[in-house]
Amino acid sequence: MDATNFEKCVLKNADFRRANFRPIEVYSPEGKKTGQLWSPSLASAIMTDSDMSDAYLKQVNLKGTDFGGVNVTGTKFVGCDMDDGVAEKLTEQGATVEPLPAPAT
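Everything numeric here is computed off the predicted structure, so don't read it as measured data.

Further remarks concern the overall build of the protein. Along the protein, the regular secondary structure elements total one helix and six strands. Along the protein, helices and strands appear, N-terminal first, in the series β-β-β-β-β-α-β. For 105 residues, the compact-globule formula gives about 13 Å, and the C-alpha radius of gyration of the protein, at 14 Å, lands near that figure. Across the 105 residues in the protein, those meeting the buried criterion constitute 34%. Taking contacts inside the protein between residues at least 6 apart in sequence as the whole, the part at least 24 apart equals 28%. Carbon together with sulfur atoms contributes 48% to the accessible area of the protein, which is approximately 6300 Å² in total. Counting 11 positive and 15 negative side-chain charges, the protein places the centres of these two groups 5 Å from one another.

Structure follows, in structure tokens:
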């Protein structure tokens, strides 16, 4: 599900078990890497009662996402942009929330 955009979608009861949401590199028309990333978005999506257990989300826009009743057991959120307090709620429900690792020097 690389760079998937489900912004403002209604995804009630969706099955995202073991899904992998992550950014992809952007290439120029000539096929060269631009150094830019296109990140997935679930911003303002309604995820009510969906199953995201054991999923992996990296650099996903989660601002305004409704996680009501979502199963996030074993899910890992890495460097995701989310509203204040959401990380704590997800952690309480069995998810792991981590910052994006620092780039190697």
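Here we come to the side chain of Thr 65. Within the secondary structure, Thr 65 is located in the loop between β4 (56-58) and β5 (76-78). At 2.5 Å, the side chain of Thr 65 forms a polar contact with the backbone oxygen of Leu 42. Side-chain polar atoms of Thr 65 contact the backbone oxygen of Leu 62, separated by 3.0 Å. Sequence-distant contacts of Thr 65, that is, excluding residues within four places in its chain, are made with Leu 42, Ala 43, Ser 44, Ala 45, Met 47 and Asp 83.

Moving on, we come to unusual backbone geometry. For Asp 54, which is not glycine, the phi torsion reads 60° and is therefore positive. Tracing the sequence through the fold places Asp 54 in the loop between β3 (33-38) and β4. Take Asp 54: its relative accessible area is 45%, and that puts it in the partly exposed class. One non-glycine residue, Gln 59, lies in positive phi territory at about 55°. Relative to the assigned elements, Gln 59 resides in the loop between β4 and β5.

The next point concerns the pairing of strand β2 (residues 24-27). Sheet topology places β2 next to β3; three bridges connect them, and they run antiparallel. When the bridges of β3 are listed, Ile 24 appears paired with Trp 38. Connecting β2 to the antiparallel partner β3 that follows it, the hairpin turn spans five residues, and Gly 31 within it adopts a positive phi of roughly 85°.

So, about the side chain of Ser 50. Its location among the elements puts Ser 50 in the loop between β3 and β4. Here Ser 50 falls in the buried class, since its relative accessible area comes to 2%. When near neighbours in sequence (up to four residues on either side) are disregarded, Ser 50 contacts Leu 11, Lys 12, Asn 13, Ala 14, Gly 69, Val 70 and Asn 71.

With 23 residues, the main nonpolar core has Phe 16, Leu 42, Met 52, Leu 57, Leu 62 and Phe 77 as its most contacted residues. With residues near it in sequence (within four places) discarded, Leu 62 still touches Leu 42, Ala 43, Leu 57, Phe 67, Phe 77, Cys 80, Asp 81 and Met 82.

Right, let's get into the pattern of salt bridges. Counting across every chain of the model gives six salt bridges. The closest approach of N and O atoms between Asp 15 and Arg 17, which form a salt bridge, is 2.5 Å. The partly exposed category is assigned to Asp 15, whose relative accessible area is 47%. Residues Lys 63 and Asp 83 are paired through a salt bridge, measuring 4.0 Å at the closest nitrogen-oxygen approach.

What counts, and where the lines are drawn
- Residues numbered from 1 in each chain as written.
- Predicted model: local features only at pLDDT ≥ 70, side-chain atom pairs only at ≥ 80, totals over all residues.
- Heavy atoms only, no water.
- Helix = DSSP H or I, 4+ residues; strand = E, 2+ residues; numbered from the N terminus.
- Rg over C-alpha atoms; globule rule 2.2 N^0.38 Å.
- Buried < 20%, exposed > 50% of the residue type's maximum accessible area, 1.4 Å probe, protein only.
- Contact = heavy atoms within 4.5 Å.
- Areas by Shrake-Rupley, 256 points an atom, 1.4 Å probe, with all protein chains shown as cover.
- Lys, Arg positive; Asp, Glu negative; His and termini not counted.
- Charge placed at Lys NZ, Arg CZ, Asp CG, Glu CD.
- Polar contact = N/O pair within 3.5 Å; in protein donor to acceptor, adjacent residues only side chain to side chain.
- Pairing = 2+ DSSP bridges.
- Core = buried A, V, L, I, M, F, W, Y, C linked by side-chain atoms within 4.5 Å.
- Salt bridge = Lys/Arg side-chain N within 4 Å of Asp/Glu carboxyl O.

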